[in-house]
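Here are the chains, one letter per residue:
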Amino acid sequence: MELILGQIPWIVMPIIFPLIGSMACFLFPAKAKSLGLLTSLVVLACVTRLGWQLKALGSLRYPMGGWGAPLGIDLYADGLSLLMLLMAALVGLGISIYSSSYFSRDKARHFWPLWLFLCGALNALFLSADIFNLYVTLELLGLTAVALVALAGGADALIAAMRYLLVSLLGSLFYLLGVALIYHSVGSLDIAILAQRVEPSPAMWTAVGLISTGLLLKTALFPMHFWLPPAHASAPAPVSALMSALVVKASFYILLRMWLEFFQTQGAAFANFLGLLGAAAVLWGGIQALRQTQLKLLIAYSTVSQLGYLFLAFPLGTSIAWKGALYMLFSHAMAKAAMFMAAGNIQFFAGHDRIAELGSITQRLPLTLTAFALAGISLMGLPPSGGFIGKWLLLQASIESGQWWWGIILLLGGFLAAGYVFKVIAHVFTHDEPTSRTVTLPATMEWSALGLALIAVLLGLFTYWPLAMLEMGSPFGTGHSG
Amino acid sequence: MNWSTALPLLILASSFLPGLIIFCLPEDRVVTRTILNLAGALFKIVLVGGMFWGILHGYHFEARLTLLPGLDLVLRSGPLAMLFVTLSSGLWLVTTVYAVGYLEGSPHRSRFFGFFSLCVTATTGVALAGNLITFLLFYELLTLCTYPLIVHRGTEIARQAGRNYLIYTIIGGALLLLSSVWLYTLAGTLEFTDRGFLSGLDASLHPTLMIIFCLLIAGLGVKAALVPLHGWLPQAMVAPAPVSALLHAVAVVKAGAFGIIRVVYDVYGIEFANSLGLTLPLAILAAVTIIYGSLRALFQDELKRRLAFSTVSQVSYIVLGIALASPIATLGGLIHLVHQGVQKITLFMCAGNLAETLGIHKISEMNGVGRRMPWTMAAFTIGAFGMIGAPPLAGFFSKWYLGLGALDAGQGWVIYVLAVSSALNAAYFLPILYTAWFKAPPDSWPAERSFGNKETAWTLLVPPIVTALLTLALGLLAFAPFNLLEWTRLIVSRGFA
């Protein structure tokens, strides 16, 4: 048995299965629900198995079809890719369970093929070994995401989707231009080769600038976040969840990968600039979230704020800082998906998401509000939660490197998060009469939100595996203070 | 998994698991919920007793979970931990009985008791924490679990109080986080150690250590209600009486004070802190808080508000004892941790009885209430005299050792602080007693509930009487075998070389 299992190229499976699943869902819409759930389970199993392999090997390179670079397509996996894959698989399973009850039959027909296709594109992105394939996967991801946002129908959603489409295309275009420049000046697209050959030059500077602009636009880093709140807030709840938890992280992953491999030679000024934008995002996003009156917009602005944290690691640059940022990214994915699902439950039950009128609803949805509160703990960075561990590591890195000002931003961001989380939670404790609405909320929708929120909290206690994962293949080995 | 690791975890689980189950119970399952509550509380006491037995027989209890490389979550038994864990688990049982009676028939009881149990879990975690990060974890957990209790009534005032509580405690928690990380980067460990783990650091780091000390005290001072960080406490008295008891005696305020003890003794070490010149400013801050709290208490007509300001004042006795850097004063501070808890819980439960039975919230409404509710007021009287420091009650010994310690430390001014404070204590408690016992009762009470020929429900009456008797016992039996003083002496001996 072990002999057969050992022969399977597990690295390809997280890409292939979702694509097969997507086609199957398209062909057999009546069975889409079970096919989707099955695919998500299989992907999680494959990623786990891949993790098993990486535990022994550290990192893994796989030429698809045996062709090898530069002709064929290479896949590459190390601890960093594994963490992203695992994040996508866990959130993906949660979203699949949630969506199995959320969508009407009519919407489900469109949702499942798109969602599984997005899953495959995302996994392919996390496994790509060259910057052109990254472009292809990024483009596939973007287009699918736009289609999913538009799924809600209605004028708001269509406008938001259209704007998102334009931003996404613009971002990809910048990225592609940068890739072309790099290919022209270095003559390769393979990240490993680039890492050895790239030298600072005006062409490289331009390329880095173009690529970063494109990716930051897609990651919605302040001040390029304008498209995110409407797009994330107007989409159907599971789509909001996958957008905020996964899709924005994809472009961040590309940026991080390039940064670790060959961008960081481009100087500290750029790193500080990214940190500054991140800091502005933390504060601006937090303040905007506090001002919102609609629950989903509040959560969307919280994403803007939380994404800012990730960029604080660039000026810090130590391996502790990267681990902190990635820990944050991982737990944010769980927490934010849970939060959007909780908001989806509230909307499903009440027919609106006006924060001021939550009092009469919350008492009818204790599980949903528990999920929201647990996710909130992680977003605030209070222990025990994954957000706390991430914050601790980033704070440690900022104090150790003497750049304490980034630490202050972390603390301020925590206050803002506490403000907007409790703005919602406070409505649990009111005198309002519980509403007499008789909508029944499917248990799967409540429990999937709670499950993801629990993972975010448990990440604050069981840190061994996530941290060990980040050691595999030492993705931060080349960091300047390593 | 052997007993050494299992026992600390079981002590936490004995309130955590009942809490989780209670959350899931429907409102009308009163009996199940009460049984779970009481069983959890009793089981915790048995477990704590078992831990005592183990320690006396030379066993060591410790549970560890690696959190980050070089940084574990640690639960550990030790003399100081035992002091606090015994106090909180003992008073929890009393408060639970009281809360069951107090909240009878009110809405959202499953939610209330769920958070109530989590609160005590967090407190025992604070007590057993073996290093600063574990302490921080439970300290923040305590913030999160007490918030729902403070806003339990859901009125605008309650929500305002909750909001204020959060603003204070979350900022305090952030300061604690910052200083913990900072200490970790300097020392490479956060493990509580007798006489501290920082004295070996290079002298060039001493100014940094002084800044961190201030941050730590500020972070902990919020919960310990040191002036000027006390603003949330008087506001939080809008919460139901059992919650006030919890805030003032068992959990929150105590966690702050306990944290200061930990920082001074087991992080910095009293001698090192003294050599850095940190203890005298802390003592002065505590003295200012003592006087200020008493002065403010004097002018409150609302009974619970007066008691709240009294807490502000009394908790700083603990801090004062710690900061005087003398073994005898420390003894006074540590026993006051227990004495203040037992006395203040009595007072708050009595105040709750007055409010629940007769609708009395203000001191000006208390005319002759002693005749209507003799047992409640008797308990209140004992608690009040304890607070004033009248012998032979518990509070007397606190003040006695604090005074001796002040002389021992060569800080004669503290005697004046104690004297003034005692006079003020008398000035704000004695009028209450006079009003209650000697003035003529009015024709009708604001909102009277009848309990047949009893003055109030027995679940409301028994707990304050028990704690009042405990106040007496702690004083009268101060030198009996297995007494509190002996145990605190053991703690003190480990803090001083």
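Given the structure is predicted, the values throughout are model-derived calculations rather than measurements.

1. Notes on the overall build of chain B
Next up, step 1: The secondary structure content of chain B amounts to 20 helices and 2 strands.
Next up, step 2: Over its C-alpha atoms chain B spans a radius of gyration of 21 Å, differing by no more than 12% from the 23 Å that the globule rule assigns to 497 residues.
Next up, step 3: With respect to the three principal axes, the spread of C-alpha positions in chain B is 70 × 55 × 45 Å.
Next up, step 4: Taking all 497 residues of chain B together, the buried fraction comes to 60%.
Next up, step 5: A fraction of 80% describes how many contacts in chain B between residues 6 or more apart in sequence connect residues 24 or more apart.

2. With respect to the overall build of chain A
Next up, step 1: Along the backbone of chain A there are 21 helices and 2 strands.
Next up, step 2: Its C-alpha atoms give chain A a radius of gyration of 21 Å, within 12% of the compact-globule value 23 Å for 482 residues.
Next up, step 3: If you line up chain A on its principal axes, its C-alpha atoms span 65 × 55 × 45 Å.
Next up, step 4: In chain A, buried positions account for 60% of the 482 residues.
Next up, step 5: Counted over contacts in chain A with a minimum sequence separation of 6, partners at least 24 positions apart contribute 81%.

3. As for the interface of chain B and chain A
Next up, step 1: Taken together, the contacts link 22 residues of chain B with 22 residues of chain A.
Next up, step 2: Those elements that place two or more of their residues in the side of chain B that touches chain A are β1 (62-68), α5 (132-150) and α6 (156-187) of chain B.
Next up, step 3: Sorting elements by how many residues they give to the side of chain B that touches chain A places α6 of chain B first, with 9 residues.
Next up, step 4: Taken together, the residues that form the side of chain B that touches chain A break down as 15 nonpolar, 5 polar and 2 charged.

4. Here's the deal with unusual backbone geometry
Next up, step 1: Residue P384 of chain A follows P383 of chain A across a cis peptide bond; omega there is -10°.
Next up, step 2: With respect to the helices, strands and loops of the structure, P384 of chain A is situated in the loop between α17 (366-380) and α18 (386-400).
Next up, step 3: Residue P391 of chain B is joined to P392 of chain B through a cis peptide bond whose omega torsion reads 5°.
Next up, step 4: Within the secondary structure, P392 of chain B sits in the loop between α16 (374-388) and α17 (394-408).
Next up, step 5: Within the chain, S474 of chain A stands out as a residue other than glycine whose phi angle is a positive 30°.
Next up, step 6: In this structure, S474 of chain A sits in the segment after α21 (464-469).
Next up, step 7: By the C-beta count within 10 Å, which is 16 here, S474 of chain A ends up partly exposed.

5. Quick look at the domain arrangement of chain A
All names here are of chain A.
Next up, step 1: Split by domain assignment, chain A resolves into domain 1 (8-266) and domain 2 (276-482).
Next up, step 2: If you average the C-alpha positions of domain 1 and of domain 2, the two centres end up 22 Å apart.
Next up, step 3: Contact with domain 1, which involves 41 residues of that partner, is made by 49 residues of domain 2.
Next up, step 4: Only α3 (32-57), α4 (79-102), α10 (228-234) and α11 (237-263) provide two or more residues apiece to the side of domain 1 that touches domain 2.
Next up, step 5: Among the elements that take part in the side of domain 1 that touches domain 2, α4 stands out by supplying 14 residues, more than any other.

6. Looking at the environment of A436 of chain B
Residues and elements named next belong to chain B.
Next up, step 1: Here A436 is to be found in helix α18 (residues 413-438).
Next up, step 2: Between the C-alpha atoms of A436 and R371, which are 65 residues apart in sequence, the distance is 7.9 Å.
Next up, step 3: For A436, the contacting residues outside a window of four places in its chain are M366, V369, G370 and M377.

7. Quick word on the packing of helix α3 (residues 79-102) of chain B against helix α9 (residues 241-250) of chain B
Residues and elements named next belong to chain B.
Next up, step 1: As a packed pair, α3 and α9 sit with axes 9 Å apart at the nearest point and diverge in direction by 165°. Regarding the angle of α3 to α9, the classification is roughly antiparallel. Note that α3 runs across α9; the crossing there is right-handed. Residue-level inspection shows S88, L91, W92, T95, Y98, A99 and Y102 of α3 in contact with α9, the latter providing A241, P242, A245, L246, A249 and V250.
Next up, step 2: Residue composition of the contact of α3 with α9, grouped by class: 11 nonpolar, 2 polar and no charged.

8. Looking at the pairing of β1 of chain B
Each regular strand carries side chains that alternate between the two faces of the sheet.
Residues and elements named next belong to chain B.
Next up, step 1: Bridge count between β1 and strand β2 (residues 71-76): 6 bridges; the pairing is antiparallel. If you follow T66 over to β2, its bridge partner there is D72.
Next up, step 2: Between β1 and β2, which pair antiparallel in sequence order, lie 2 residues; one of them, G70, sits at a positive phi of approximately 80°.

9. As for the confidence of the model for chain A
Next up, step 1: Looking at chain A, the pLDDT average stands at 91 and 97% of residues meet or exceed 70.
Next up, step 2: In the model, residues 478-482 of chain A has pLDDT below 50 throughout and makes 13 contacts with residues more than four positions away in sequence or in other chains.

10. Digging into the packing of α17 of chain B against α18 of chain B
All names here are of chain B.
Next up, step 1: In contact at an axis separation of 8 Å, α17 and α18 are set at 155° when each is read in the N-to-C sense. Classed by the angle they form, the pair α17 and α18 counts as roughly antiparallel. Touching K399, L402, G403 and A406 of α17 are V414, I415, L418 and S422, all from α18.
Next up, step 2: A per-class count over the contact of α17 with α18 returns 5 nonpolar, 2 polar and 1 charged.

11. As for helix α2 (residues 13-27) of chain A
All names here are of chain A.
Next up, step 1: Over its 15 residues, α2 runs 21 Å from end to end, which matches the ideal 21 Å to within 8%, given 1.5 Å per residue.
Next up, step 2: All of the buried residues along α2 are P14, I15, F17, P18, G21, S22 and C25.
Next up, step 3: Considering only its buried residues, α2 is in contact with α3, α4 and α5 (105-127).

12. Looking at the nonpolar core
Residue and element names in this part refer to chain A.
Next up, step 1: Counting 387 residues, the largest nonpolar core has V91, V149 and A338 as its most contacted members.
Next up, step 2: In terms of residues, this core owes the most to one element, helix α15 (residues 319-350), which gives 21 residues.
Next up, step 3: Both domain 1 (8-266) and domain 2 (276-482) contribute no fewer than three residues apiece to this core.
Next up, step 4: The residues contacting A338, other than those within four sequence positions of it, are A371, A375, A449, L452, A453 and A456.

13. Some details on the environment of Q292 of chain A
All names here are of chain A.
Next up, step 1: Here Q292 is to be found in the loop between α12 (268-291) and α13 (295-311).
Next up, step 2: Each C-alpha atom, one on Q292 and one on K423, is 10.0 Å from the other, the two residues being 131 residues apart in sequence.
Next up, step 3: Excluding residues within four positions of it along the chain, Q292 makes contact with L297, L298 and Y301.

About the cut-offs
Residues numbered from 1 in each chain as written. Chains lettered and ligands numbered in written order. Predicted model: local features only at pLDDT ≥ 70, side-chain atom pairs only at ≥ 80, totals over all residues. Helix = DSSP H or I, 4+ residues; strand = E, 2+ residues; numbered from the N terminus. Rg over C-alpha atoms; globule rule 2.2 N^0.38 Å. Buried ≥ 20, exposed ≤ 12 C-beta atoms within 10 Å, placed from the backbone. Contact = placed C-beta atoms within 7 Å. Nonpolar A, V, L, I, M, F, W, Y, C, P; charged D, E, K, R; others polar. Domains from an automatic or database assignment. Axes fitted to C-alpha atoms, helices over the stretch in contact; angles between N-to-C directions. Parallel < 35°, antiparallel > 145°, perpendicular 65-115°, else oblique. Left-handed = near helix turned anticlockwise from the far one by under 90°. Pairing = 2+ DSSP bridges. pLDDT = per-residue confidence, 0-100. Expected span 1.5 Å × (residues − 1). Core = buried A, V, L, I, M, F, W, Y, C linked by C-beta atoms within 7 Å.

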